[in-house]
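Okay, here's what each chain looks like letter by letter:
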Amino acid sequence: MIPQADGEVPVVRIFPESTPVNMIPTMNDPDAYLLVDAGQTKDSCDCSYSIKAKLIINASPDSRHWGENEFVKKRDDDGHDGGVLLYARPYELSELLLVVPKLNTCMTRHKIIDDYYHFGGSLRHYMSSESKQSAFKAQQESECKNLGEEVCTGIVEGSFRVDFSREGPSGAVLSLEPKSDALLNIPRALVQSDFVFDSIAARVENILWTKSKAEETDGWKAMEKLLRLQLLKPEKCRYTVRRCVGRSDDAYDNKEYVELGTCQGEMRVVDMFKTIAEQQLEDNGQTKLLFTSYPFHPLFDMIYRKGDHTYHAFTATISGSKKSKKNLPAKFGDYIKKLAEAVGLTKNPNHKIKLYYATSTNDFDTFVTSPVKPVVPTEFESQVEVYHCHVEKQRPNQ
């Protein structure tokens, strides 16, 4: 297409798809760009040898979508020494919530958040029909069940090399992202979505322990999943906790042991505060673990209620330096008020909230929050307690 000026009315000239690209005048302009949306092909989709315009090919990292060996061969035969493969990161949930409703009006905010569990940051699945979405979820579930132990370990460790062979995991299970913002040409494998991560987590729990202690950007995710696995076990798990204070405070060395868990199932929720309030109204005595659909909830990652009306909320943290620190949300007091309203602290003086900043063995001895002592609203000081929590492997019969 060539935008042209015709007075004040923009005119677009459209060429038939069969037109050789080098016959389109603009393609001989070195300041022009040709964007190619590559489909599955056994031939190369690289036409840069016949035009002067800059070529950008948008494609799956699976080379079967852009010509496989033919792509490489043609570039070699024609003496191409330019061009580079760059890898795009998947969309964040916050980005999808802005983009998807504009592209697919059938997708509500609630459905996008719900589907994020399966689709992750892959935009195209949110554009698909319901039948295709269902087929993708079924394929994803089937592949996760059939993944070998070695593949699961490699995925969680981050050492698995994706070649998209017909024998290996497909894009339903794995995707690629750049190693860093500065290394867009070097890919690293990551799980397609939280569903995949959850499906394999219990099978590679030991690897998760190692990963949760590493100073990596996704270590918090391993820690979060380990917490969920423990809190869902039929027997209670034992944790070391201390009040949330600074290292110079005498209370910093006063550790105590608590037993937590035995949740009866879990539920991913969109609006955490609203769901807690609804659960409070139902008051059916069940101990269900609620966890948020958002990667970074402002106050906590998961919460459950015990029969004595104590709410236990957890935030998974990992080290970023030798002195591990967790920055509290700027509106910490406001979020506490919102949670207090949801659980009915004002109406029920016997209700309590215990908020745990959960960290690994490597971090617990030096862990502090920022600020070191959270300021709880005065009216809830007797009902809200904030702790550091040491998460470790549970010994048998503990």
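The residue count restarts for each chain, going from 1 along the sequence in the order it is written. Totals for whole chains, interfaces and linings use all residues, but because this is a predicted model, local features are given only for residues with pLDDT of at least 70 and pairs of side-chain atoms are given and counted only at 80 or more. For side-chain calculations, the full set of non-hydrogen atoms in the structure is used, while hydrogens and water are omitted.

Re the packing of helix H5 (residues 130-146) against helix H7 (residues 194-201)
Note on definitions: angles span 0 to 180 degrees between N-to-C directions of axes, and those axes are lines fitted to C-alpha atoms, for helices only across the stretch in contact. Secondary structure elements follow DSSP: runs of H or I of four or more residues count as helices, runs of E of two or more count as strands, with numbering from the N terminus. At a closest axis distance of 10 Å, the pairing of H5 and H7 adopts a crossing angle of 25°. Regarding the angle of H5 to H7, the classification is roughly parallel. Crossing handedness for the pair H5 and H7: right-handed. Each of Gln 140, Glu 141 and Cys 144 in H5 lies in contact with H7, whose residues at this interface are Phe 195, Val 196 and Ser 199. Each residue is assigned to one of three groups, with Ala, Val, Leu, Ile, Met, Phe, Trp, Tyr, Cys and Pro labelled nonpolar, Asp, Glu, Lys and Arg labelled charged, and all others, Gly among them, labelled polar. The class makeup of the residues in the contact of H5 with H7 is 3 nonpolar, 2 polar and 1 charged. Any angle from 65 to 115 degrees is called roughly perpendicular, while one under 35 is roughly parallel, one over 145 is roughly antiparallel, and all others are oblique. If you view the pair so one helix is near and one far, a crossing is left-handed when the near helix is turned anticlockwise from the far one by less than a right angle, and right-handed when it is turned clockwise. Pairs of residues are marked as contacts when any of their non-hydrogen atoms sit within 4.5 Å.

Digging into the nonpolar core
Put simply, buried Ala, Val, Leu, Ile, Met, Phe, Trp, Tyr and Cys residues joined by side-chain atoms within 4.5 Å make one nonpolar core. Relative accessibility thresholds used throughout: buried, under 20% of the residue-type maximum; exposed, over 50%; partly exposed, between the two (1.4 Å probe, protein chains only). Grouped together as the largest cluster of nonpolar side chains are 27 residues, with contacts concentrated most on Ile 276, Phe 300, Ile 303, Phe 332, Leu 339 and Leu 355. Only helix H10 (272-282), strand E12 (310-316), helix H11 (332-343), strand E14 (352-359) and strand E16 (384-390) provide two or more residues apiece to this core. The greatest single-element share of this core, amounting to 6 residues, is contributed by H11.

Remarks on the pairing of strand E10 (residues 289-292)
Going residue by residue along E10, you find Leu 289 and Phe 291 tucked away on one face and Leu 290 and Thr 292 tucked away on the opposite face as well. For two strands to count as paired, DSSP must find a minimum of two bridges between them. Bridge count between E10 and strand E11 (residues 302-305): 2 bridges; the pairing is antiparallel. Each bridged residue has a counterpart across the sheet, and for Leu 290 the counterpart in E11 is Ile 303.

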